[in-house]
Amino acid sequence: MSENNAFWSYAVAIYSNPAIEQLCLRLQNRYQLSVNDLLFALWLAHLGRQLPETLDDAGVREWRIKMLEPLRLLRYQLRQSRRSTAEEECYQRLKKAELAAEIVESGLLYDLRDRCPDVSGSAGDVNQLGYVNLCTAAGTDPVMTGDLQAHLQQLVEKAIGCGGN
């Protein structure tokens, strides 16, 4: 697993756009979607690769469930109740630990890239591929319409608008 990889560099760059950060967090909080999965879907589109519905990402899921999500939950709980300087310091350390866990997760995702077919010659435009990849990551049908699909389409448009694809 490579923790210093092209996907992580892409994710950091694209997530630094406040509009993309806001959309990703809305999708995470409202639909329980992984920000790393969303950014991975966009990065794959950037490479001309399609995210397969059948991609076996058991290692990623296990890491997320056992390590990343518990850290995030602890951080969220402490964020609501921090009252002292010591609690604030603990909160900041949890934030750093959560980021470190996200970096590990990005390496696990990066290692899956070669199992995603290269469709650059046949996929049409990167916007459409990005949307299809996001729908796959979200477990939703790209043909359907609704709030989730609208948010995913906005995310693609913002990512392309800031040079992310």
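Here, the structure is the one placed above.
If you're wondering where the values come from, they're calculated on a predicted model, not measured in any experiment.

### Observations regarding the pattern of salt bridges
Per the stated rule, a full pass over the model turns up nine salt bridges. A salt bridge links E105 to R64, with the shortest nitrogen-to-oxygen separation between them at 2.6 Å. Residue E105 is found in helix 5 (residues 85-110), and its partner R64 is found in helix 4 (residues 58-81); the two are separated by 41 residues along the sequence. For E105, a relative accessible area of 1% translates into the label buried. For R64, a relative accessible area of 11% translates into the label buried. A network of salt bridges, in which partner residues are shared, links R72, R75, E98 and E102.

### What to know about the nonpolar core
Within soluble globular proteins, side chains that are nonpolar generally end up buried alongside one another. By size, the foremost hydrophobic cluster in this structure holds 34 residues, and its most contacted members are F7, L39, F40, L42, L134, L152 and L155. Elements represented by at least two residues in this core include exactly helix 1 (6-15), helix 2 (18-31), helix 3 (35-47), helix 5, helix 6 (126-138) and helix 7 (147-161). When residues no more than four places from it in sequence are discounted, the contact partners of L155 are I20, L23, C24, L27, L38, L42 and L134.

### Focus on the packing of aromatic side chains
The full count for this structure, using the stated rule, is four aromatic pairs. Ring geometry for F7 and F40: centres 5.3 Å apart, planes at 80 degrees, overall edge-to-face. Taken as a pair, F7 in helix 1 and F40 in helix 3 lie far apart in primary sequence, 33 residues in all. The burial state of F7 is the same as that of F40; both residues are buried.

### With respect to helix 3
Taking 1.5 Å of rise per residue, 13 residues should cover 18 Å, and helix 3 covers 18 Å from first to last C-alpha, within 8% of that figure. When you tally the buried positions in helix 3, you get eleven out of 13 residues, the bulk of the element. Taken as a whole, helix 3 has its buried residues at V35, N36, D37, L38, L39, F40, A41, L42, W43, L44 and A45. Looking at where helix 3 begins, the residue whose side-chain oxygen comes 3.3 Å from the main-chain nitrogen of N36 is S34.

Calculation criteria
- Residues numbered from 1 in each chain as written.
- Predicted model: local features only at pLDDT ≥ 70, side-chain atom pairs only at ≥ 80, totals over all residues.
- Heavy atoms only, no water.
- Salt bridge = Lys/Arg side-chain N within 4 Å of Asp/Glu carboxyl O.
- Helix = DSSP H or I, 4+ residues; strand = E, 2+ residues; numbered from the N terminus.
- Buried < 20%, exposed > 50% of the residue type's maximum accessible area, 1.4 Å probe, protein only.
- Core = buried A, V, L, I, M, F, W, Y, C linked by side-chain atoms within 4.5 Å.
- Contact = heavy atoms within 4.5 Å.
- Phe/Tyr/Trp six-rings, centres within 6.5 Å; stacked < 30°, edge-to-face > 60°.
- Expected span 1.5 Å × (residues − 1).
- Polar contact = N/O pair within 3.5 Å; in protein donor to acceptor, adjacent residues only side chain to side chain.

Such coordinate-based values are descriptive only and should not be taken to indicate function.
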